[in-house]
Amino acid sequence: TFSLYVMDKADSFGGQGLGILQTSPASNTAIAASDFEGFTQTTRQASDILNASLTTSAYNDFALNATGLSNISLTGITKFGTKLPGDVDNSVSWVSAGVASHQVAFAEQTDTSNDPKLVVIHVAQASLPRLTLLNVG
């Protein structure tokens, strides 16, 4: 489960929300212009949460799908980003002076109380049956 703390939301288009996508930023610690220009991913890592269902001043949980689960790094940094569903699908019917935005706490916040969370639940591997070899002979 990938969880984001949503501080504020706006949507004058109707039907927008947050979509979770995989990212490949230029740096793990700084934002670069190329991060925005090159963010063309359209493969969702979880189901979108529409604005009507997003809760502000709280964590919102995204249950990762099979693609999202496969993109969890076991040895490094897992990189997910957000995008409006209409931007992902290129399906927004633009209106004059329309606004769709989300204010979400990310790791760069000065405190750590609202950082993104990735919760991985796993089951310990079952013990294998023991095999006893007898030397008959």
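Each value, and the rule that gives it
Residues numbered from 1 in each chain as written. Predicted model: local features only at pLDDT ≥ 70, side-chain atom pairs only at ≥ 80, totals over all residues. Heavy atoms only, no water. Helix = DSSP H or I, 4+ residues; strand = E, 2+ residues; numbered from the N terminus. Buried < 20%, exposed > 50% of the residue type's maximum accessible area, 1.4 Å probe, protein only. Contact = heavy atoms within 4.5 Å. Areas by Shrake-Rupley, 256 points an atom, 1.4 Å probe, with all protein chains shown as cover. pLDDT = per-residue confidence, 0-100. Salt bridge = Lys/Arg side-chain N within 4 Å of Asp/Glu carboxyl O. 1 Å grid on protein atoms, 1.4 Å probe; cavity = no way out; pocket = protein on both sides within 12 Å on 5 of 7 lines; lining within 4 Å. Points joined across faces, edges and corners; volume = space filled by probe spheres on them. Nonpolar A, V, L, I, M, F, W, Y, C, P; charged D, E, K, R; others polar. Core = buried A, V, L, I, M, F, W, Y, C linked by side-chain atoms within 4.5 Å.

Within the protein chain, the regular secondary structure consists of three helices and seven strands. What you see in the protein chain, going N to C, is helices and strands ordered as β-β-α-β-β-α-β-α-β-β. Going through the 137 residues of the protein chain one by one, you find that 28% of them count as buried. Expressed as a percentage of contacts within the protein chain between residues at least 6 apart in sequence, the contacts between residues at least 24 apart total 75%. Here the protein chain displays about 9300 Å² of accessible surface, and carbon together with sulfur accounts for 52% of that area.

Residues with a pLDDT of 70 or more make up 89% of the protein chain, whose mean pLDDT is 85. Within the protein chain, strand 4 (residues 58–62) carries the highest mean pLDDT (97), whereas helix 1 (residues 33–37) carries the lowest (78).

Bringing the pattern of salt bridges into the picture now. Side chains bearing opposite charge may pair, as long as their charged atoms lie close to each other. Per the stated rule, a full pass over the model turns up two salt bridges. With a shortest N-O distance of 2.9 Å, D48 and R44 are connected by a salt bridge. For D48, a relative accessible area of 24% puts it in the partly exposed group. With a relative accessible area of 22%, R44 lands in the partly exposed category. Between D89 and R44 there is a salt bridge; the shortest N-O distance is 3.1 Å. Note that D89 is positioned in helix 3 (residues 85–89) and R44 in the loop between helix 1 and strand 3 (49–50), a separation of 45 residues in sequence. One continuous salt-bridge network, built from bridges that share partners, spans R44, D48 and D89.

This part is about the layout of surface pockets. A volume near 990 Å³ is recorded for the largest pocket. Along its surface, the largest pocket is lined by 27 residues, and T23, P25, F80, G81 and F106 are the ones closest to its centre. Elements represented by at least two residues in the lining of the largest pocket include exactly helix 1 and strand 5 (80–83). Grouping the amino acids of the lining of the largest pocket by side-chain chemistry returns 12 nonpolar, 11 polar and four charged.

Counting residues in hydrophobic clusters, the biggest one holds 13 residues, and the most contacted among them are F2, L4, L18, I20, F62 and L64. If you tally residues by element for this core, the top one is strand 1 (residues 2–11), at three residues.

To continue, consider the environment of E108. Within the secondary structure layout, E108 lies in the loop between strand 6 (100–105) and strand 7 (117–118). In the structure, E108 is positioned 78 residues away from A30 in sequence and 9.1 Å away in space, judged by C-alpha atoms.

By secondary structure assignment, the location of N60 is in strand 4. Overall, N60 belongs to the buried group, its relative accessible area being 4%. Once residues within four sequence positions are removed from consideration, N60 is found in contact with F2, S3, L4, V6, I49, S53, L54 and T55.

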